Structures are given as C-alpha cells and as structure tokens.
Amino acid sequence: MSKFTNQTVIVTGGTRGIGRGISESFLKEGATVIATYARNDEAAMNFKENMSLYGDKLILKKFDVSSMLACENFFNEIEKEISSIEILVNNSGIRQDNLTASMSEDQWDKVLDINLKGSFNMSQKAVLHMMKNRYGRIVNISSIGGALGLAGQANYAASKAGQIALSKVLSKEVAKRKITVNNVAPGFIETELISDLDEAQVTEYKKTIPMKRFGSIDEVANVVKFLASKEASYITGSTIEVSGGL
Ligand code: NAP
C-alpha cells in the first residue's frame with residue numbers, strides 16, 4: 001500500500017507547471033487525482049497521455065475556479081463519481097504584474113478572483129464535504145511574494161497574503177473536525193508562470209537567493225505531500241516556505 005492509496009486529491013491547475021508535478025506525485029503514491037484546469041486543453045490532454053499508466057486514477061475537469069457556481073457544479077458532479085475527497089490543493093494561479101499606479105481594475109480583479117476567491121470557493125465546498133467525513137487536508141499554494149511585496153505585484157502579493165489569512169481563519173473553524181489547512185509558499189520555481197523574466201532579471205533574482213538557484217517543481221510537491229499526509233496531523237494554519245532561503 002502506498003501512502004495515499006484510497007485517498008482522493010483535487011489539484012486545481014493540476015495539469016501544468018507546479019500543479020502537474022503535484023498531481024503526478026500523488027498518483028505515484030497511489031491516490032486518485034482530480035486535476036482541474038481552465039483553458040489549456042492541449043496541456044491537459046498531454047498530461048493525461050503521459051499519465052496513461054494510471055488509467056482512471058487521473059480524472060480531468062475543466063472549469064474556472066473564480067466562479068462559485070462553476071465550483072459548486074464541479075463538486076456536485078464529482079460527488080456522484082467519488083465517495084470521499086480527502087485532500088484539496090488550491091494551486092490555480094495567475095500573475096498580471098503592473099505598477100500600482102498603472103494597474104487596471106481588471107488586472108486587480110482577475111488576479112484576486114482566481115488566486116484568492118478561487119481558494120475560498122474551492123475550500124468552502126471541500127470543507128462541507130470533509131466535515132461529514134471528519135477528515136481532510138487543504139493545502140494552498142501561496143507565494144513568498146505575499147510577504148516580499150515585489151514592485152509591480154500589488155494584486156499578486158495581496159492575493160497570496162490573502163490565501164494565508166484565509167487559511168489561518170479556516171484552520172481554526174474546522175480544527176475540531178480533523179481538517180487541517182496549510183500553505184506552501186514557493187519562491188522562484190521554473191515554470192511558465194515566470195517564463196516572462198528576461199535573462200538579466202533571472203541572474204539578478206538568483207543573486208538574491210541564498211541557495212543561488214530557482215527551485216524545482218518536485219521540491220514544492222514534496223512539501224505539499226507532507227502537509228497532506230496523515231503524519232502532518234498537528235500542523236494547521238501554518239505556512240512552509242520553499243524558497244531557497246529568500
Ligand atoms: P502555471 O504554470 O502558469 O499554471 C497555472 C495553472 O493554473 C494552470 O493549470 C492553469 O490552467 C490554472 N489556472 C489559471 N487560471 C485558472 C482559473 N481561472 N481556474 C482554474 N485554473 C486556472 O503556474 P505555476 O508556476 O505552476 O503556479 C502554480 C501556483 O504556484 C500558482 O498559484 C502560483 O501563484 C504559485 N507560485 C508559483 C511560483 C513560480 O515561481 N512558478 C512561485 C510562487 C508561487 P490552464 O492550464 O488551463 O491555463
């Protein structure tokens with residue numbers, strides 16, 4: 001028996017980047033994984049093909065986490081197919097950087113809606129389900145950006161700090177039901193999300209990181225798996241930074 005055999009994990013944004021790595025690592029440990037995505041069918045199909053070894057253990061669902069109605073429909077649908085959901089990883093996220101003085105209302109709203117409201121929408125529906133089972137693990141993929149406050153990231157930093165605040169509150173509300181709510185705050189991880197950084201910026205950022213390198217997807221996934229495991233039973237409302245010491 002692997003560590004997550006007989007457990008079902010929802011990974012939002014679970015078909016690309018960090019989320020794909022998280023989905024894959026849970027599949028390797030015997031879990032059934034519901035990997036969600038919003039638009040990129042090609043990446044999702046490519047992931048499904050690459051993971052064909054796991055057959056029906058990988059389920060893909062396409063919807064926008066920023067829509068409460070879409071999240072509700074998703075939970076109604078999967079509750080017909082799956083008897084219990086043990087783990088939710090709120091990983092979906094976007095960046096739309098701009099200086100605060102120039103940031104449009106749309107840039108502010110989009111980032112907050114997907115990164116923060118998406119975590120709220122999914123967590124609310126998941127805890128209703130987990131409370132019935134008196135067991136659950138919620139892990140939000142926040143970011144070190146929430147604490148660093150890099151120029152140009154008012155929307156992103158607010159959304160990422162907001163996820164930490166949300167989980168502090170929620171962790172207290174559901175602690176008695178054996179549901180934990182934690183965050184992983186990555187630093188710079190090599191994915192498409194930061195592929196817009198030019199070489200000079202990458203060199204500059206790496207100089208500021210004590211470990212002098214960006215992190216890997218696996219280095220994030222390993223910590224997510226720990227927080228989602230039964231062993232992490234006395235950790236809740238916490239944030240683990242995976243940032244090379246930033
Ligand atoms: P990524 O490669 O750009 O992937 C983002 C994922 O989020 C994709 O699967 C995307 O779906 C999904 N998504 C976007 N909008 C969505 C929506 N409205 N509804 C549902 N899903 C949506 O990003 P990443 O680097 O893996 O980042 C994953 C998480 O880690 C994010 O929360 C990010 O803030 C956080 N993070 C990343 C870094 C980093 O350096 N990479 C550092 C710190 C924190 P589609 O495939 O359909 O587009």
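Above this text you will find the structure in question.
Reading the values: the criteria
Every residue gets a number counted from 1 within its own chain, in the order that chain's sequence is written. Local features in this predicted model are restricted to residues whose pLDDT is 70 or higher, and side-chain atom pairs enter the listing and the counts only when it is 80 or higher, whereas totals over whole chains, interfaces and linings include all residues. The side-chain numbers reported here are obtained from all heavy atoms of the structure, hydrogens and water having been left aside. Whenever a carboxyl oxygen of Asp or Glu lies within 4 Å of a side-chain nitrogen of Lys or Arg, that contact is scored as a salt bridge. Counting from the N terminus, the helices are DSSP H or I runs at least four residues long and the strands are E runs at least two residues long. Each residue is placed in one exposure class: buried if its accessible area under a 1.4 Å probe, protein chains only, is under 20% of its type's maximum, exposed if it is over 50%, and partly exposed if it falls in between. Strands pair, by our definition, only if DSSP identifies at least two bridges between them. Fitted lines through C-alpha atoms give the axes, limited to the stretch in contact for helices. The angle between two N-to-C directions lies from 0 to 180 degrees. Here, residues are in contact when the closest pair of their heavy atoms is within 4.5 Å. Arc definition: directions from the helix axis to the C-beta atoms. Summary of the distance rule: residues count as near a molecule or strand when at least one heavy atom falls within 4 Å of that molecule or strand. Definition of a polar contact: a pair of N or O atoms within 3.5 Å, with one able to donate and the other able to accept a hydrogen when the atoms are protein atoms, and with sequence-neighbouring residues admitted only if both atoms are side-chain atoms. All accessibility values rest on the Shrake-Rupley procedure with a 1.4 Å probe; residue burial counts only the protein chains present in the view. Ten residues, namely Ala, Val, Leu, Ile, Met, Phe, Trp, Tyr, Cys and Pro, are considered nonpolar, four, namely Asp, Glu, Lys and Arg, are considered charged, and the remaining ones, Gly among them, are considered polar. Patch construction takes residues with relative accessible area above 30% that form no salt bridge. Like charges are linked within 9 Å, and nonpolar side chains (Val, Leu, Ile, Met, Phe, Trp, Tyr) are linked within 5 Å. We score Asp and Glu as negative and Lys and Arg as positive, and we do not count His or the chain ends. Where a charge sits is defined by one atom per residue type, namely NZ (Lys), CZ (Arg), CG (Asp) or CD (Glu). Working definition: rings of Phe, Tyr and Trp (its six-membered ring) pair if their centres are within 6.5 Å, and the pair is stacked with planes under 30 degrees apart, edge-to-face with planes over 60 apart, and tilted otherwise. The rule for a charge over a ring is simple: NZ of Lys or CZ of Arg within 6 Å of the ring centre, and within 35 degrees of the ring normal. Roughly parallel covers angles under 35 degrees, roughly antiparallel covers those over 145, roughly perpendicular covers 65 to 115, and oblique covers all other angles. By convention the crossing between two helices is left-handed if the near helix lies anticlockwise of the far one by an angle smaller than a right angle, and right-handed if it lies clockwise.

Observations concerning the pattern of salt bridges
For step 1, the next point in the chain: Overall, the coordinates contain 13 salt bridges when judged by the stated rule.
For step 2, the next point in the chain: Residue K61 pairs with E77 through a salt bridge whose shortest N-O separation is 2.8 Å. One end of the pair, K61, is in strand β3 (residues 58-62); the other, E77, is in helix α3 (residues 68-81), and 16 residues separate them in sequence.
For step 3, the next point in the chain: You can call E77 partly exposed: its relative accessible area is 38%.

Focus: the sheet that holds strand β7 (residues 239-242)
For step 1, the next point in the chain: Pairing is parallel across the open sheet formed by seven strands, whose spatial order is β3-β2-β1-β4-β5-β6-β7. Here the strands that pair on one side only, and so sit at the sheet edges, are β3 and β7. Taking the axes of each pair of neighbouring strands and ignoring which way they run, one obtains an average angle of 20 degrees across the sheet.
For step 2, the next point in the chain: Pairing analysis gives three bridges linking strand β1 (residues 8-11) to strand β4 (residues 87-90), with the strands arranged parallel. Paired with V11 across the bridge in β4 is V89.
For step 3, the next point in the chain: This element, α3, spans β1, β2 (32-37) and β3 of the sheet and lies at about 155 degrees to β3.
For step 4, the next point in the chain: Packing of helix α4 (residues 105-133) onto the sheet brings it into contact with β1, β4, β5 (136-141) and β6 (179-186), and relative to β4 it is tilted by some 175 degrees.

Thoughts on helix α2 (residues 41-50)
For step 1, the next point in the chain: Buried within α2 are the following residues: A43, A44 and F47. When α2 is viewed along its axis, its buried side chains cluster within an angular range of 100 degrees and face the same direction. Exposed side of α2, more than 90 degrees from the buried face: E42 and E49 are the residues found there.
For step 2, the next point in the chain: Where α2 is buried, its residues contact α1 (17-28), β2 and β3.

Considering the site of the ligand
For step 1, the next point in the chain: Surveying the vicinity of the ligand reveals 28 residues, the closest of which are R16, I18, R39, Y156 and T191.
For step 2, the next point in the chain: The separation between an oxygen atom of the ligand and a polar main-chain atom of G13 is 3.4 Å.
For step 3, the next point in the chain: Between an oxygen atom of the ligand and a main-chain N or O atom of I18, the distance comes to 2.8 Å.
For step 4, the next point in the chain: About the coverage of the ligand: the protein hides 97% of its 900 Å² of free accessible area.
For step 5, the next point in the chain: Broken down by secondary-structure element, the contributors of at least two residues to the shell around the ligand are α1 and α6 (154-174).
For step 6, the next point in the chain: Looking at side-chain class alone, the shell around the ligand contains 14 nonpolar, ten polar and four charged residues.

Things to note about a positive patch on the surface
For step 1, the next point in the chain: Among the surface-exposed residues, R134, K176, R177 and K178 lie close enough to one another that they form a single positively charged patch.
For step 2, the next point in the chain: Looking at the element boundaries, R134 is found in the loop between α4 and β5.

Considering the packing of aromatic side chains
For step 1, the next point in the chain: Summed over all chains, the structure comprises five aromatic pairs.
For step 2, the next point in the chain: Taking 5.1 Å as the distance between ring centres and 15 degrees as the angle between the ring planes, the aromatic pair formed by F188 and F214 counts as stacked. Taken as a pair, F188 in the loop between β6 and α7 (199-208) and F214 in the loop between α7 and α8 (217-227) lie far apart in primary sequence, 26 residues in all. Here F188 matches F214 in class, with each residue buried.
For step 3, the next point in the chain: Each residue in the set F63, F74 and F75 is aromatic and connected to the rest through ring pairs, giving one cluster.
For step 4, the next point in the chain: Here the basic side chain of K206 rests over the ring of F214, its NZ or CZ set 4.9 Å away from the ring centre.
For step 5, the next point in the chain: For K230, the ring lying beneath its charged end belongs to Y135, and the centroid distance is 5.8 Å.

What to know about the packing of α1 against α8
For step 1, the next point in the chain: Put simply, α1 and α8 touch, their axes get as near as 9 Å, and they point 55 degrees apart. With respect to their mutual orientation, α1 and α8 come out oblique. By crossing handedness, the relation of α1 to α8 is classed as right-handed. Residues G17, I18, G21, I22, S25 and F26 of α1 touch α8, and the partners they reach there are I217, V220, A221, V224 and K225.
For step 2, the next point in the chain: Considered class by class, the residues forming the contact of α1 with α8 number seven nonpolar, three polar and one charged.

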